[in-house]
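Close look at the chain arrangement
Chain by chain, the residues run as shown.
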Amino acid sequence: MDTHLLFGNAIDTETPMLAVFAVDIAAAKNEKPQPVLLTSLNNIQDAARRLIESGEFSATLGEVVILHGPTGLKAERLLLVGLGKAKDFSLDRVRKGAGTAVRAAKPRSVRKLAITFPDAVALSDLKLKELSPMLTVRAMVESAELAQMDWDNYRSDRKDCSVDSLTLVVTDTNAASKAEVQRGFDEGLIVAAGQNFARSLVNEPGNVLTPTELGLRAKAMCDAAALKCEVYSSEKIQDLKMEAFWAVAKGSAEPPALIVMTYEPEIAPAAGAPVIGLVGKGITFDTGGISIKPADGMEKMKYDMAGAATMIGAMHAIARLKPAVKVIGVVCSAENMPDGRAFKPGDIITAMSGTTIEIINTDAEGRLVLADGLHYAKTLGCTHLIDAATLTGACVVALGVLNVGLFSNDEATCAKFESVLTISGEKYWRLPCTDDYRDHIKSEIADIMNTGKNRWGGATSAAMFLKEFAGETPWVHLDIAGCAWDEEKKPWIAYGPSGVAVRSIVEWVRSYS
Ligand code: BES
Ligand code: MN
Ligand code: ZN
């Protein structure tokens, strides 16, 4: 999609379709909806007046209605996009609205779309005044780019319809905020491209996206982005004494991949400057291994590499945003399979760090590959660590599919992460991993075991296990099991891979530059 930013007037914009947001200002519960357009441009108001008065449009979130030949506008069609109740108005609603506009245009074969920036003049009583134009444009361009994707490349009946050109029309901007708005637009495009790259990887089935293939795709991405990238396999993993990673990998006919991506800032950072480590769980298919999973729903375990995709997508964006901080991405990719050579419950393995691990359940494999990934990132000089992993079903039980589980061993680092969420617009919920939970992973015959002593607090047990390998290094752990795959159909984004955490991780990394 060719995306443009236009400082101008929506009324004069020649386009097959012009999208305008609307909110419902009806206050009382039983009152009939009163849609109001979020623009001060009278011509648009006039063109839509009869439609709004007809009661055919209520401006509920995700609702769209199309008006052909609107009088007084150069646009061929006017698309009204509902953002819900005025009292619920927020940046998140604008984000969803921009995505909804693109996804309304797509199936109607509208190739060119213009979206009007919500205009503050008409909205003196809405919270819109509090929204920064820069963040608003950024959110709009991000969600529009995400909305453009459909995961139908393996379907013979795919429609191949896309919006080829998108224009965000921004009016009423003074020169000072113009530069800010342009920056928001440029950054939004970069971040969304990274997130879409992550989504495209998650969408791939396990037979296509093996660990080797993931390594090739990461390498190709790094080559295009001028990042250093090394991809290692079985021999190097064993040489490095990554026995925890290798234990998971060795039961598959597909060789594992250890992917190391390095971003160096243009100006070399001072000695002692932070080095950020992004560690991703890249299980390209998780059968559970010898502790095999039930057949029902097992096909979903192709997305068990979403943490890896997140980090590869984040590196894609970081390479283009060029923060003044060194970043190393470490992806541990393997297939978790039952086999004659597979690891078994009861096995005791020694991780790269020297910690011994009693295997209780081979389905708790993510924490094993990450144990070596986190330790390895430290040996490469990382001073701050973050990992993303579809780690536990328990996290999905605890938080559902709306919030990512957030864990950390360091308050300042965690606060820094939480502070960027107003920019990324993503939702995280902190769960504990304090030392009083250490008992969960205590083993009688090894240093630790790879599951909790029972099912309770399973997301925390997994985090406690990882914390052992983060050690004293400030670390954030993101359990994305519930959020990496969108089951629910929504008007603003396609079903399937969400690309969650790319935006927040990128912004967190930038906060160190
Ligand atoms: N990949 C799964 C976790 C998962 C579950 C991801 C649901 C996405 C959706 C992970 O490897 C796993 O199997 N975890 C086990 C751990 C248990 C054996 C301690 C789980 O959550 O059941
Ligand atoms: Mn598993
Ligand atoms: Zn898994």
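Presented here is a report on the structure given in the accompanying data block. From a predicted model like this one, the values you see are computed outputs, not experimental measurements. (Residues numbered from 1 in each chain as written. Chains lettered and ligands numbered in written order. Predicted model: local features only at pLDDT ≥ 70, side-chain atom pairs only at ≥ 80, totals over all residues. Heavy atoms only, no water.)

1. Notes on the coordination of the zinc ion (ligand 3)
What counts, and what does not: Only N, O and S atoms count as donors, using a 2.8 Å limit from the metal and a wider 3.2 Å limit for Na, K and Ca, and since water is excluded some coordination spheres may look unfilled. Angular criteria define each label, namely tetrahedral for four donors with all angles between 85 and 135 degrees, square planar for four and octahedral for six donors with opposite donors over 155 degrees apart and remaining angles between 65 and 115, and irregular for whatever fails these tests. Each helix is a run of H or I in the DSSP string that is no shorter than four residues. Each strand is a run of E no shorter than two, and both are numbered from the N terminus. Note on classification: 1.4 Å probe, protein chains only; a residue is buried when its accessible area is under 20% of the maximum for its type, exposed when over 50%, partly exposed between these limits.
The zinc ion (ligand 3) binds to the protein through Lys281 (NZ), Asp286 (OD), Asp304 (OD) and Glu365 (OE); the donor distances cover 2.0 to 2.4 Å. Considering all 6 donor atoms around the zinc ion (ligand 3), angles at the metal cover 77 to 174° and the coordination shape is octahedral. Going along the chain, you hit the donors of the zinc ion (ligand 3) in the pattern K-x4-D-x17-D-x60-E. Between the zinc ion (ligand 3) and the manganese ion (ligand 2) the interatomic distance comes to 3.1 Å, and aspartate 286 is a ligand of both metals. Taken together, the residues span a long stretch of sequence, with aspartate 286 in strand E10 (residues 275-286) and aspartate 304 in the loop between E10 and helix H8 (306-321) at a distance of 18 residues. Each member of the pair, aspartate 286 as well as aspartate 304, carries the same accessibility label: buried.

2. Focus on the coordination of the manganese ion (ligand 2)
Taken together, Asp286 (OD), Asp363 (O), Asp363 (OD) and Glu365 (OE) make up the full set of protein donors to the manganese ion (ligand 2), lying 2.1 to 2.2 Å away. For the manganese ion (ligand 2), the 6 donor atoms are set out with angles of 71 to 168° between them, so the coordination reads as irregular. Each donor residue of the manganese ion (ligand 2) belongs to the same chain, and together they define the spacing D-x76-D-x1-E.

3. Regarding the site of ligand 1
The cut-off we apply is this: The nearness test applies per residue and asks whether one of its heavy atoms lies within 4 Å of the molecule or strand. What qualifies as a polar contact is a pair of N or O atoms within 3.5 Å, subject to a donor-acceptor requirement within protein and to the restriction that residues adjacent in sequence count only when both atoms come from side chains. For the area figures, the Shrake-Rupley method with a 1.4 Å probe applies, and any residue is considered shielded solely by the protein chains shown. Residues were grouped as follows: Ala, Val, Leu, Ile, Met, Phe, Trp, Tyr, Cys and Pro as nonpolar; Asp, Glu, Lys and Arg as charged; and all remaining residues, including Gly, as polar.
Around ligand 1, the surrounding shell holds 16 residues, and the nearest of these are Lys293, Asp304, Asp363, Glu365 and Gly393. Taking aspartate 286, its side chain carries an N or O atom lying 2.9 Å from an oxygen atom of ligand 1. In the model, an oxygen atom of ligand 1 is placed 2.7 Å from a nitrogen or oxygen of the glycine 393 main chain. Calculation on ligand 1 without its partners gives an accessible area of 520 Å², and the protein chains cover 77% of this total. Here the shell around ligand 1 is composed, by residue class, of 4 nonpolar, 5 polar and 7 charged.

4. Digging into the sheet that holds strand E15 (residues 404-408)
Formally: Pairing between strands is defined by DSSP: at least two bridges between the two strands are required. Axes, fitted as lines to C-alpha atoms, cover a helix only where it is in contact. Angles between the N-to-C directions of the axes lie from 0 to 180 degrees. In this description, contact between two residues means that some pair of their heavy atoms is separated by no more than 4.5 Å.
Pairing within the open sheet is mixed, and its 8 strands lie in the order E8-E9-E11-E10-E14-E18-E15-E16. Each edge of the open sheet is held by one strand with a lone partner, namely strand E8 (228-232) and strand E16 (428-430). Looking at each pair of strands side by side, their axes are set apart by 20° on average, direction ignored. Relative to strand E18 (residues 475-479), E15 runs antiparallel, the two being bridged by 4 bridges. Bridge pairing in E18 places leucine 406 opposite leucine 478. Across the sheet, H8 touches strand E9 (257-263), E10, strand E11 (326-336) and strand E14 (384-389), and the angle it forms with E10 is around 140°. Those strands touched by helix H13 (residues 458-470) are E14, E15 and E18, and its axis lies near 150° from that of E18.

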